[in-house]
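These are the residues of each chain, in order.
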Amino acid sequence: MLIVVTGAQGFLGRQVVHRLSAEGRRVLAVDRRPVVLAQAVPGVQYHVSDLRDPGTLIPPECEPVGPFTLVHLAWDLRLRETSYGVQSEQVTALAGLLDAWRGKGLEYVIAPGSAQEYGARGGVLAEDDLPSEPLSPYGWAKRATYEMASSWSRQHGVGLLWLRPFIIYGPGQAGSMLVPYAVRQAQEGQHAEFTDGLQVRDFVYVDDVVEAVRRGVEQRPAGPLALNLGSGDPVRVRDLLHAIAEHFGAGGRFVFGARPRRSSEPEVQVADCARAASALGWRPAIGWREGIRRLCAEAARG
């Protein structure tokens, strides 16, 4: 069966494409940017598509399409914390794909959510826990996408697996999120500013998330089904950042308390992963210490 991966050149998408292709899956890697030839995976077909036109998801040379699974990883992270307008477009993008390809081969959907769907709710969180306001624009959009896709799944009888990783990190991650920001500043010998870092969070290594996607493709559990993904090894943010600083000798350049916390930020936000273990046989393999060691070693190699 064809596996169509959107956002195939993003941080998670690249690694999902590599893993599925290595297992002999037929993969169509879709992104809005053309692939750099040096980064192309042998045997994978690459396709440039603007998903605002959902009919362009699959190129004409692939037709007739036949049955396919959609692994929808495309998400515009611009203004993720400040713009409901930009984030609302992401809900519409998946809705368009679902409607355009229903009855035309689409047999299963896998998509990632986020711990931000829970908003200000703290503690050890299970999938059925309701969010607490306020939600960030990104958290709201992920939650709205999940509700939309779940309703569509129930109405049309097409399975949906909604994987909800808490804080993903790993080699190759770019942008301004906490871990890549800390690694970049440490490598470049620059100061980095953080909150007090006393919050307890659940950082899940990218390889463990890719494994959940792989199992979802293989097993296709009945859905709609939401599954939390965490490390089983929660940590104070400050302790994780200290580990990064120690690796690069940057301890004196990491400044804690320089930035305020969000007023609604919970002290503890950790994933209950029991349902993922039951539904997929998935368990995290990499705790945060080993994950940070791997990340920093890879970053040091360049």
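Definitions and limits used
- Residues numbered from 1 in each chain as written.
- Predicted model: local features only at pLDDT ≥ 70, side-chain atom pairs only at ≥ 80, totals over all residues.
- Heavy atoms only, no water.
- Helix = DSSP H or I, 4+ residues; strand = E, 2+ residues; numbered from the N terminus.
- Rg over C-alpha atoms; globule rule 2.2 N^0.38 Å.
- Buried < 20%, exposed > 50% of the residue type's maximum accessible area, 1.4 Å probe, protein only.
- Contact = heavy atoms within 4.5 Å.
- Areas by Shrake-Rupley, 256 points an atom, 1.4 Å probe, with all protein chains shown as cover.
- Lys, Arg positive; Asp, Glu negative; His and termini not counted.
- Charge placed at Lys NZ, Arg CZ, Asp CG, Glu CD.
- Salt bridge = Lys/Arg side-chain N within 4 Å of Asp/Glu carboxyl O.
- Axes fitted to C-alpha atoms, helices over the stretch in contact; angles between N-to-C directions.
- Left-handed = near helix turned anticlockwise from the far one by under 90°.
- Nonpolar A, V, L, I, M, F, W, Y, C, P; charged D, E, K, R; others polar.
- Phe/Tyr/Trp six-rings, centres within 6.5 Å; stacked < 30°, edge-to-face > 60°.
- Parallel < 35°, antiparallel > 145°, perpendicular 65-115°, else oblique.

A. Spatial organisation of the overall build of the protein chain. A tally of helices and strands in the protein chain yields 8 helices and 15 strands. In summary, the protein chain has a C-alpha radius of gyration of 19 Å against a globular reference of 19 Å for 302 residues, a match within 12%. Referenced to the eigenvectors of the C-alpha coordinate spread, the extents of the protein chain come out at roughly 60 × 45 × 35 Å. Within the protein chain, the fraction of its 302 residues that count as buried is 52%. Restricting to contacts in the protein chain with at least 6 residues of sequence separation, those with at least 24 account for 76%. Summing over all exposed atoms, the protein chain offers an accessible surface of approximately 13400 Å²; the carbon and sulfur share of this is 50%. One finds the centroid of the 33 positive side-chain charges in the protein chain at a distance of 1 Å from the centroid of its 33 negative side-chain charges.

B. Seen up close, the environment of Leu-98. Within the element layout of this structure, Leu-98 appears in helix α2 (residues 84-101). When the C-alpha positions of Leu-98 and Glu-133 are compared, they lie 29 Å apart, and in sequence the two are 35 residues distant. Ignoring any residue separated from it by four or fewer positions in sequence, one finds Leu-98 in contact with Leu-106, Val-109, Met-148, Ala-149 and Trp-152.

C. Highlighting unusual backbone geometry. With omega at 0°, the peptide bond leading from Glu-133 into Pro-134 counts as cis. Relative to the helices and strands, Pro-134 resides in the loop between β6 (123-125) and α3 (137-156). For Arg-220, which is not glycine, the phi torsion reads 45° and is therefore positive. Take Arg-220: it is sitting in the loop between α5 (206-219) and β12 (225-229).

D. Fine view of the side chain of Ser-153. Along the chain, the position of Ser-153 falls in helix α3. In this view, Ser-153 contacts Val-158, Gly-159, Leu-160, Gly-223 and Pro-224; residues no more than four positions away in its chain are not counted.

E. Here's a closer look at the pattern of salt bridges. For the coordinates displayed, the defined rule picks out 22 salt bridges. Residue Arg-32 is joined to Asp-76 by a salt bridge in which the shortest nitrogen-to-oxygen separation is 3.9 Å. Taken together, the residues span a long stretch of sequence, with Arg-32 in the loop between β2 (26-31) and β3 (45-48) and Asp-76 in the loop between β4 (68-72) and α2 at a distance of 44 residues. Note on Arg-32: relative accessible area 60%, which makes it exposed. Judged by its relative accessible area of 9%, Asp-76 is buried.

F. How the structure looks around the packing of helix α6 (residues 237-248) against helix α8 (residues 288-301). Interaxial distance between α6 and α8 falls to 10 Å at its minimum, and their mutual angle equals 35°. Crossing angle aside, the handedness with which α6 passes α8 is right-handed. Each of Asp-239, Leu-240, Ala-243, Ile-244, His-247 and Phe-248 in α6 lies in contact with α8, whose residues at this interface are Trp-288, Ile-292, Cys-296, Ala-297, Ala-299 and Ala-300. Split into classes, the residues belonging to the contact of α6 with α8 amount to 10 nonpolar, 1 polar and 1 charged.

G. Geometry of the packing of aromatic side chains. Enumeration according to the criterion identifies 10 aromatic pairs in this entry. Relative to Tyr-138, the ring of Trp-75 lies with its centre 6.1 Å away and its plane at 85°, an arrangement referred to as edge-to-face. Separated by 63 residues along the polypeptide, Trp-75 in the loop between β4 and α2 and Tyr-138 in helix α3 bring together distant segments of the chain. The class of Trp-75 is buried, set by a relative accessible area of 17%. Both rings, one in Tyr-84 and one in Trp-140, keep their centres 5.7 Å apart while their planes meet at 65°; by these two values the pair is edge-to-face. With Tyr-84 in helix α2 and Trp-140 in helix α3, the pair connects residues that are 56 residues apart, well separated along the chain. On the accessibility criterion, Tyr-84 (43% relative accessible area) is partly exposed. An aromatic cluster of at least three residues, connected via ring pairs, comprises Tyr-181, Phe-194, Phe-254 and Phe-256.

H. Structural context of the packing of α2 against α3. Packing of α2 against α3 leaves a shortest axis separation of 8 Å and a crossing angle of 20°. The orientation of α2 relative to α3 falls into the category roughly parallel. As α2 packs across α3, the resulting crossing turns out to be right-handed. Here α2 contributes Tyr-84, Gln-87, Ser-88, Gln-90, Val-91, Leu-94, Ala-95, Leu-98 and Asp-99 to the contact with α3, which in turn contributes Pro-137, Tyr-138, Trp-140, Ala-141, Ala-144, Thr-145, Met-148, Ala-149 and Trp-152. Residues that form the contact of α2 with α3 fall into these classes: 13 nonpolar, 4 polar and 1 charged.

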